[in-house]
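# Survey of secondary and tertiary structure
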Amino acid sequence: SVDSLRQLDRNGGEIQRVELGGFQSFAVDWDGNRYVLVQEELRVLNSEWELLFALDLEREGSRFVTLEDGTVAVLSGQSLRAVDSDKRGWGETYSLPGHAKIVWPGGGGWLFCFSDEDGLYGWNAAAGEPEPITSWDKGRFYPGSIFHCTPLPDGRVMLFLERDGTVEAAVLSPEERSAAPETITLTYA
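The paragraphs below set out a description of the structure included in this document. (Residues numbered from 1 in each chain as written. Predicted model: local features only at pLDDT ≥ 70, side-chain atom pairs only at ≥ 80, totals over all residues. Heavy atoms only, no water.)

## Some remarks on the overall build of the protein chain
For the protein chain, the count of helices and strands is 1 helix and 17 strands. In the protein chain, which comprises 189 residues, the share counted as buried stands at 40%. A separation of at least 24 residues holds for 26% of the contacts in the protein chain among residues at least 6 apart in sequence. Of the roughly 11400 Å² of accessible surface on the protein chain, a fraction of 45% belongs to carbon and sulfur atoms. (Helix = DSSP H or I, 4+ residues; strand = E, 2+ residues; numbered from the N terminus. Buried < 20%, exposed > 50% of the residue type's maximum accessible area, 1.4 Å probe, protein only. Contact = heavy atoms within 4.5 Å. Areas by Shrake-Rupley, 256 points an atom, 1.4 Å probe, with all protein chains shown as cover.)

## Here's the deal with unusual backbone geometry
Phi angles above zero are rare outside glycine, and W49 is one such case at about 70°. Following the sequence through the fold, W49 ends up in the loop between strand 5 (41-45) and strand 6 (51-56). Classification of W49 by relative accessible area gives buried; the value is 10%. Backbone geometry places R88, a non-glycine residue, at a positive phi of 55°. With respect to the helices, strands and loops of the structure, R88 is situated in the loop between strand 9 (79-84) and strand 10 (89-95).

## Remarks on the pairing of strand 3 (residues 25-28)
Because side chains alternate across strand 3, one face comprises the buried residues S25 and A27, and the other comprises F26 and V28, none of which is buried. Connecting the antiparallel pair strand 3 and strand 4 (residues 34-38) is a turn made up of 5 residues, with G32 showing a positive phi of about 90°. (Pairing = 2+ DSSP bridges.)

## A look at the environment of L55
Looking at the element boundaries, L55 is found in strand 6. For the pair L55 and R43, spaced 12 residues apart in the sequence, the C-alpha separation amounts to 6.6 Å. Not counting residues within four places of it along the chain, the set of residues in contact with L55 comprises E40, E41, L42, V83, R88, G89 and W90.

## Notes on the sheet that holds strand 14 (residues 129-135)
What the 4 strands build is an open sheet, ordered 11-12-13-14; its pairing is antiparallel. Of all the strands in the sheet, the pair left with one neighbour each is strand 11 (102-104) and strand 14. The sheet shows a mean angle of 30° between the axes of neighbouring strands, direction not considered. In this structure, strand 13 (residues 119-124) lies alongside strand 14, joined through 6 bridges in antiparallel fashion. When the sheet's bridge partners are listed, Y121 is paired in strand 14 with P132. (Axes fitted to C-alpha atoms, helices over the stretch in contact; angles between N-to-C directions.)

## Re the packing of aromatic side chains
Applying the stated criterion across every chain, the model contains 5 aromatic pairs. On the basis of an interplanar angle of 15° and a centroid distance of 5.3 Å, the ring pair of F112 and W123 is categorised as stacked. Linking F112 in the loop between strand 11 and strand 12 (113-115) with W123 in strand 13, this pair joins segments that are 11 residues apart in sequence. Across the pair, exposure class does not vary: F112 and W123 are buried alike. On the basis of an interplanar angle of 15° and a centroid distance of 5.1 Å, the ring pair of F114 and Y121 is categorised as stacked. The same class applies to F114 and to Y121, which are both buried. Within the aromatic cluster, the residues linked to one another by ring pairs are Y94, F112 and W123. A cation sits over an aromatic face here: R81 above W90, 4.0 Å from the ring centre. (Phe/Tyr/Trp six-rings, centres within 6.5 Å; stacked < 30°, edge-to-face > 60°. Lys NZ or Arg CZ within 6 Å of the ring centre and 35° of its normal.)

In short, the description is geometric, and any link to function would need to be established separately.
In structure tokens form, the structure reads like this:
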């Protein structure tokens, strides 16, 4: 855990420090509020780093997920609970399927995404249920090699994965390969 948050200027000089007494996770919503998990408590700070409110968590070891609309949600077990910063309390709760292994941020029309051993799914907020984005066998990806997933606004999904000690970025497109534009591979030394 980390004991303090520091705001730095572009030269690395400290502008401000907030002592929190050990926190596990940190997020910022689209309004500039800061969310910090400290043991079994969620603390929400404004853009001036002043405490707005705090919420009790059901269990320690939770983490944040940013929803498609910029709302921050807390993942705890098989539930994802949105934080309603206007009401200073809990918002909608989403129950994840038992097979969900990793939860990713939302985007591209999905409130949030999650993966399991078979594929990647997006949560359709209107339907209130997940829909498949892709299966891992189609992309020839091993789910354990993916360390970040970001849905793009146009419906594509960017993955960052590690293969044979090399980090790769892959973009999953909804169209068939023959309809996809020509690709260029760049390698940085």
